[in-house]
Amino acid sequence: MANEKILVVDDDKNICELLRLYLVKEGFAVTLAHDGNTALKEFDHLHPDMVLLDVMMPGMDGWEVCRKIRQNNQTPIIMLTAKGETYDKVLGLELGADDYIVKPFDAKEVTARIKAVLRRCGSKDEENKGVYDFDNLHLDMNRYELKVKGKVVDAPPKELELLACLAGHPNRVYTRDQLLDEVWGFEYYGDSRTIDVHVKRLREKLEGASDQWNLKTVWGVGYKFEVKE
């Protein structure tokens, strides 16, 4: 489960910090938010693998945050609440929450429930193969669709396949010959400079999209899709 991204949303900063300590210890990458609006911004920026969402928050409550996330996304959500009434539980599940934990809770139980929900939702991952999400970048190879900052960007299939190869293995360095084999296939006898041309065109389309990642030249070797840790 290591390195999966968890967004923890609770206006109680002590609870957030407690959960962060336990989850980091379990190998998760944790981002905290203390109100609904911040949570939605972090969600769009981070594309987390799981959201731990408190119900009772000032301003936008957890129900509304859950509702907004579910409009376009099926990311697993576990609701955290001090209320244990059946009505609240049913409402949360009807809104699309995957699980429900009542405060006060044991942090070890929370980590166990997170792992269980992630395993359960893992069966849905087959639908998401070929989909790559990074800050301001969405690549869906099932549709051959590239979005930069939420807008569809036209690109020929080979450019998208090249980007998918690199983005599918962040920070891995590929030689030009490896990329030719992966993207064009062994039957391709062209010049490895073909890669340079395609990378140049991709960079033009991705320019200024984010400072969290970039298509980087590794001099004397090849290229990698570099993602900041």
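Residues numbered from 1 in each chain as written. Predicted model: local features only at pLDDT ≥ 70, side-chain atom pairs only at ≥ 80, totals over all residues. Heavy atoms only, no water.

Draft legend 1. Spatial organisation of the packing of aromatic side chains. One pass over the structure, following the stated rule, counts two aromatic pairs. An angle of 20° between the planes, with centres 5.4 Å apart, marks the rings of Trp213 and Phe225 as stacked. Highlighted residues: Trp213 in strand 11 (residues 213-218) and Phe225 in strand 12 (residues 222-227), separated in sequence by twelve residues. Members of the aromatic cluster, each reached through a chain of ring pairs, are Phe134, Trp213 and Phe225. (Phe/Tyr/Trp six-rings, centres within 6.5 Å; stacked < 30°, edge-to-face > 60°. Helix = DSSP H or I, 4+ residues; strand = E, 2+ residues; numbered from the N terminus.)

Draft legend 2. Seen up close, the side chain of Asp98. Turning to its location among the elements, Asp98 is positioned in the loop between helix 4 (86-94) and strand 5 (99-102). For Asp98, a relative accessible area of 19% corresponds to the buried category. (Buried < 20%, exposed > 50% of the residue type's maximum accessible area, 1.4 Å probe, protein only.)

Draft legend 3. Expanded view of the environment of Ala39. Following the sequence through the fold, Ala39 ends up in helix 2 (residues 36-46). Here Ala39 falls in the buried class, since its relative accessible area comes to 2%. As for Ala39 and Val9, which are separated by 30 residues in sequence, their C-alpha atoms are 6.3 Å apart. Ignoring sequence-local partners within four residues, the contact set of Ala39 consists of Leu7, Val9, Ala33 and Val65. (Contact = heavy atoms within 4.5 Å.)

Draft legend 4. Local environment of the side chain of Thr217. Examined against the element boundaries, Thr217 turns out to sit in strand 11. Since its relative accessible area comes to 16%, Thr217 is described here as buried. Looking at Thr217, its side chain comes within polar contact range of the side chain of Arg203, at 2.8 Å. If near-sequence neighbours (up to four positions away) are discounted, Thr217 is found in contact with Arg203, Gly222 and Tyr223. (Polar contact = N/O pair within 3.5 Å; in protein donor to acceptor, adjacent residues only side chain to side chain.)

Draft legend 5. Region of the structure containing the sheet that holds strand 9 (residues 151-153). Taken together, four strands build an open sheet; the order of strands is 6-7-8-9 and the sheet is antiparallel. Across the chains shown, the open sheet's two edge strands, defined by having one partner strand only, are strand 6 (131-134) and strand 9. Here the strands of the sheet are splayed against their neighbours by 20° on average, with no regard to which way each runs. Here three bridges tie strand 8 (residues 145-148) to strand 9, and the two strands are oriented antiparallel to one another. (Pairing = 2+ DSSP bridges. Axes fitted to C-alpha atoms, helices over the stretch in contact; angles between N-to-C directions.)

Draft legend 6. Region of the structure containing helix 7 (residues 176-184). Of all the positions in helix 7, only Leu179, Leu180, Val183 and Trp184 are classed as buried. Along helix 7, the residues classed as buried sweep out an arc of 105° about the axis, all on the same side. Set apart from the buried face of helix 7 by more than 90 degrees, the exposed residues are Asp177 and Glu182. (Arc of directions from axis to C-beta.)

Draft legend 7. Representation of the pairing of strand 2 (residues 29-33) in the model. Relative to strand 2, strand 1 (residues 5-9) is paired through five bridges, and the arrangement is parallel. What sits directly across from Val8, in strand 2, is Leu32.

Draft legend 8. Spatial organisation of the packing of helix 7 against helix 8 (residues 193-206). In the contact formed by helix 7 and helix 8, the axes pass within 9 Å of each other and the chain directions differ by 75°. Here helix 8 runs roughly perpendicular to helix 7, going by the angle between their axes. Between helix 7 and helix 8, the contacting residues are Arg176, Leu179, Leu180 and Trp184 on the first element and Thr194, Ile195, Asp196 and His198 on the second. Class assignment for the residues of the contact of helix 7 with helix 8 results in four nonpolar, two polar and two charged. (Parallel < 35°, antiparallel > 145°, perpendicular 65-115°, else oblique. Nonpolar A, V, L, I, M, F, W, Y, C, P; charged D, E, K, R; others polar.)

Draft legend 9. How the structure looks around the pattern of salt bridges. Under the criterion given, the structure shown has 16 salt bridges. In this structure, Glu17 and Arg20 form a salt bridge, with 2.5 Å as the shortest nitrogen-oxygen distance. Of this pair, Glu17 and Arg20 both sit in helix 1 (residues 13-25), separated by three residues, roughly a single helical turn. When its relative accessible area of 32% is taken as the criterion, Glu17 is described as partly exposed. Lys103 is the partner of Asp54 in a salt bridge, and the nearest nitrogen-oxygen pair spans 3.0 Å. (Salt bridge = Lys/Arg side-chain N within 4 Å of Asp/Glu carboxyl O.)

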